[in-house]
There are 2 protein chains.
Amino acid sequence: MSKQEKISRKRQLELTATQLFKEKGYTASSMRDLANEVGIEAASLYSHIKSKEEILRNICFRMADEFFAAINAIDNEPMNSMAEKLEKYIVAHTEVIAHDTAATLVFINEWKHLSEPHYSNFVDQRHRYEKRFIEILKAGIKRKEFLPIDEKFVVLTILSSLNWIPHWYKPGGKMSPEEIGRQLSRMLIDGIKTGHRTGTRQH
Amino acid sequence: MSKQEKISRKRQLELTATQLFKEKGYTASSMRDLANEVGIEAASLYSHIKSKEEILRNICFRMADEFFAAINAIDNEPMNSMAEKLEKYIVAHTEVIAHDTAATLVFINEWKHLSEPHYSNFVDQRHRYEKRFIEILKAGIKRKEFLPIDEKFVVLTILSSLNWIPHWYKPGGKMSPEEIGRQLSRMLIDGIKTGHRTGTRQH
DNA sequence: TTTATTTGCTAACGCCTGTTAGCATCTTAT
DNA sequence: ATAAGATGCTAACAGGCGTTAGCAAATAAA
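Residues numbered from 1 in each chain as written. Chains lettered and ligands numbered in written order. Predicted model: local features only at pLDDT ≥ 70, side-chain atom pairs only at ≥ 80, totals over all residues. Heavy atoms only, no water.

1. Let's talk about the overall build of chain A
Scanning chain A from terminus to terminus reveals eight helices and zero strands. N-terminal to C-terminal, the α/β element order of chain A is α-α-α-α-α-α-α-α. Projected onto the principal axes, the alpha-carbon positions of chain A cover approximately 65 × 40 × 30 Å. Out of the 203 residues belonging to chain A, those deemed buried represent 51%. (Helix = DSSP H or I, 4+ residues; strand = E, 2+ residues; numbered from the N terminus. Buried < 20%, exposed > 50% of the residue type's maximum accessible area, 1.4 Å probe, protein only.)

2. Quick word on the side chain of Ser161 of chain B
Structurally, Ser161 of chain B is set in helix H7 (residues 151-164). The contacts of Ser161 of chain B, once residues within four sequence positions are left out, are Thr157, Ser160 and Ser161 of chain A together with Leu184 and Leu188 of chain B. (Contact = heavy atoms within 4.5 Å.)

3. Let's talk about the packing of helix H4 (residues 82-99) of chain B against helix H8 (residues 177-190) of chain B
All names here are of chain B. Packing of H4 against H8 leaves a shortest axis separation of 8 Å and a crossing angle of 140°. Viewed along their axes, H4 and H8 adopt a mutual orientation that is oblique. In terms of crossing hand, the pair formed by H4 and H8 is right-handed. Seen from H4, the contacting residues are Ala83, Leu86, Glu87, Ile90, Val91, Thr94, Glu95 and Ala98; seen from H8, they are Pro177, Glu178, Ile180, Gly181, Arg182, Ser185 and Ile189. Across the contact of H4 with H8, the residue classes tally to eight nonpolar, three polar and four charged. (Axes fitted to C-alpha atoms, helices over the stretch in contact; angles between N-to-C directions. Parallel < 35°, antiparallel > 145°, perpendicular 65-115°, else oblique. Left-handed = near helix turned anticlockwise from the far one by under 90°. Nonpolar A, V, L, I, M, F, W, Y, C, P; charged D, E, K, R; others polar.)

4. Points about the nonpolar core
In this structure, Phe21 and Leu86 of chain A together with Phe21 and Leu86 of chain B are the most contacted members of the largest nonpolar core, which totals 124 residues. The contacts of Leu86 of chain B, once residues within four sequence positions are left out, are Phe133, Ile136, Leu137, Phe146, Ile158 and Ile189 of chain B. (Core = buried A, V, L, I, M, F, W, Y, C linked by side-chain atoms within 4.5 Å.)

5. Examining the environment of Phe146 of chain B
Position of Phe146 of chain B among the secondary structure elements: in the loop between helix H6 (118-142) and H7. For the pair Phe146 of chain B and Ile180 of chain B, spaced 34 residues apart in the sequence, the C-alpha separation amounts to 22 Å.

6. Details of the environment of Gly181 of chain A
Residues and elements named next belong to chain A. Structurally, the position occupied by Gly181 is in helix H8 (residues 177-190). By relative accessible area, which is 0% here, Gly181 ends up buried. Sequence spacing of Gly181 and Ser161 is 20 residues, and the spatial spacing of their C-alpha atoms is 10 Å.

7. Description of the side chain of Glu110 of chain B
Within the fold, Glu110 of chain B resides in the loop between helix H5 (101-109) and H6. No salt bridge is formed by the buried Glu110 of chain B. Its closest oppositely charged neighbour is Lys112 of chain A, at 4.3 Å. A polar contact is formed between the side chain of Glu110 of chain B and the backbone nitrogen of Tyr26 of chain B, at a distance of 3.2 Å. Non-local contacts of Glu110 of chain B, meaning those with residues more than four positions away in its chain, are made with Lys112 of chain A together with Phe21, Gly25, Tyr26, Leu56 and Leu105 of chain B. (Lys, Arg positive; Asp, Glu negative; His and termini not counted. Salt bridge = Lys/Arg side-chain N within 4 Å of Asp/Glu carboxyl O. Polar contact = N/O pair within 3.5 Å; in protein donor to acceptor, adjacent residues only side chain to side chain.)

8. Observations concerning the packing of H4 of chain B against H7 of chain B
Residues and elements named next belong to chain B. Packing of H4 against H7 brings their axes to within 10 Å, and their N-to-C directions diverge by 30°. The angle between H4 and H7 falls in the class roughly parallel. Every pair of crossing elements has a handedness; the one defined by H4 and H7 is right-handed. Within the contact between the two elements, H4 uses Leu86, Ile90, His93, Thr94 and Ile97 and H7 uses Ile158, Leu159, Leu162 and Asn163. Looking at the contact of H4 with H7, its residues break down into six nonpolar, three polar and no charged.

9. What about the environment of Ala42 of chain A?
Residues and elements named next belong to chain A. Along the chain, Ala42 turns up in the loop between helix H2 (31-38) and helix H3 (52-75). For Ala42, a relative accessible area of 15% gives the class buried. Distance in space between the C-alpha atoms of Ala42 and Met31 is 5.8 Å, their sequence separation being eleven residues. Every residue in contact with Ala42, bar those within four places of it in the chain, is listed here: Met31, Arg32 and Ala35.

10. Regarding the pattern of salt bridges
Residue and element names in this part refer to chain A. Under the definition given, this model contains 25 salt bridges over all chains. The salt bridge partner of Arg62 is Glu66, with a shortest N-O separation of 3.6 Å. Taken together, the residues Arg62 and Glu66, both in helix H3 and four residues apart, mark about one turn of the helix. Of the residues examined, Arg62 reaches a relative accessible area of 24% and is grouped as partly exposed. Linked through salt bridges whose partners overlap, the residues forming this network are Arg11, Glu14, Arg62 and Glu66.

11. Brief notes about the packing of aromatic side chains
Given two aromatic rings, their pairing is described by the distance between the two centres and the angle made by the two planes. Residue and element names in this part refer to chain A. Scanning the model with the defined rule gives 22 aromatic pairs over all chains in all. Ring centres of Trp111 and Tyr119 lie 5.7 Å apart, and the angle between their planes is 35°; on these two criteria the pair is classed as tilted. Look at Tyr119 and you get partly exposed, because its relative accessible area is 29%. By the ring-pair criterion, three or more aromatic residues cluster together here, those being Phe61, Phe67, Phe68, Tyr89, Phe107, Trp111, Tyr119, Phe122, Tyr129 and Phe133. We note Lys52 situated over the ring of Tyr26; from NZ or CZ to the ring centre the distance is 4.3 Å. (Phe/Tyr/Trp six-rings, centres within 6.5 Å; stacked < 30°, edge-to-face > 60°. Lys NZ or Arg CZ within 6 Å of the ring centre and 35° of its normal.)

Quick look at the structure:
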């Protein structure tokens, strides 16, 4: 086979493994499971990949790259308010998730099985990603756009809501990923209550 | 040893296993790991427990019971608004989480390794639990207390935020579990924005 | 003091794990 | 036509898995 087809074969392994890892978890998924799923022998997998962990590593870091790329693109756009920027971040994150919910779930649930130095690397990246959100919150609070609630608390709440999306999102549903992101950011930023505010609250 | 002491020995196993399952995941935690942690041989564990899965089962269903007990207690109290009831639910849920974050994480992450019929049983219970929240949302929307946003969407967002708490909560921090719950429900219900609402919404 | 129970041990079981070695076949490029 | 590479096979490895059998010592109840 040509080089291009080999890549697609390797990609097929990664896709199948993603599904497997998502359903049973990384540790409970065996190489024989994976081999079975693609119709070859377990030993034959090693013509295409170096190790089981290599697959996990590729999934995790490819997703990390996608999340970063999505919010990096936003930083170049002009922005009127921090609320607008936060919404764009949320929508971008949602779109990455919706684009591959299975890989996202593996990314979220299985990274702890990475070995060093990849483990620390991953933790670092996630920390930097969270910081990007925190900076927006801080700026918004400084501009009196947001209430002075602990930024880390808010960001973790936002990200946890986002990271639950792959559990229920189905492509082709009523809401597009963008609409989901918008709805979600409106809910988290504006709340779900009807009626007027009773003035500026402190937490 | 007396019967009372036996129970505490079994309890020690469960506590140690909880910590182990939380850190490495259920599948990646071996009985030899657990035995090592409590200072006995792996085979000796079976003088106290029937199987590895029994431990997981106990953790998962004990937590499920606690979550249900917490919101059941609330339904007997008089309630002025759905927002108030929702807040009490959220605070109650947060308090159960804070009481044992490790067990909560196992409850959230490892239930999929339960075998039938326990697996289906668990899924059913969780579904019933979510419904309790959905009913509050529905009632609140009917009373025009909440905006007419898809209830399932809102509930999943709330619960995902709650279920992320064990990842960062440390006992003895600045906020008590109750304060965390209050803060969280205020944020989710009222939003994080300063200032007054615009427009047509009434109450 | 006898009896029953609890708690632990060693040894072992059958099975599953990720991975390697060595070889065959089939496809593509020269 | 030939060489190179891709793809797959069988066989096997060393080690880990959950669990059981059978026995010994300690402890508690009678």
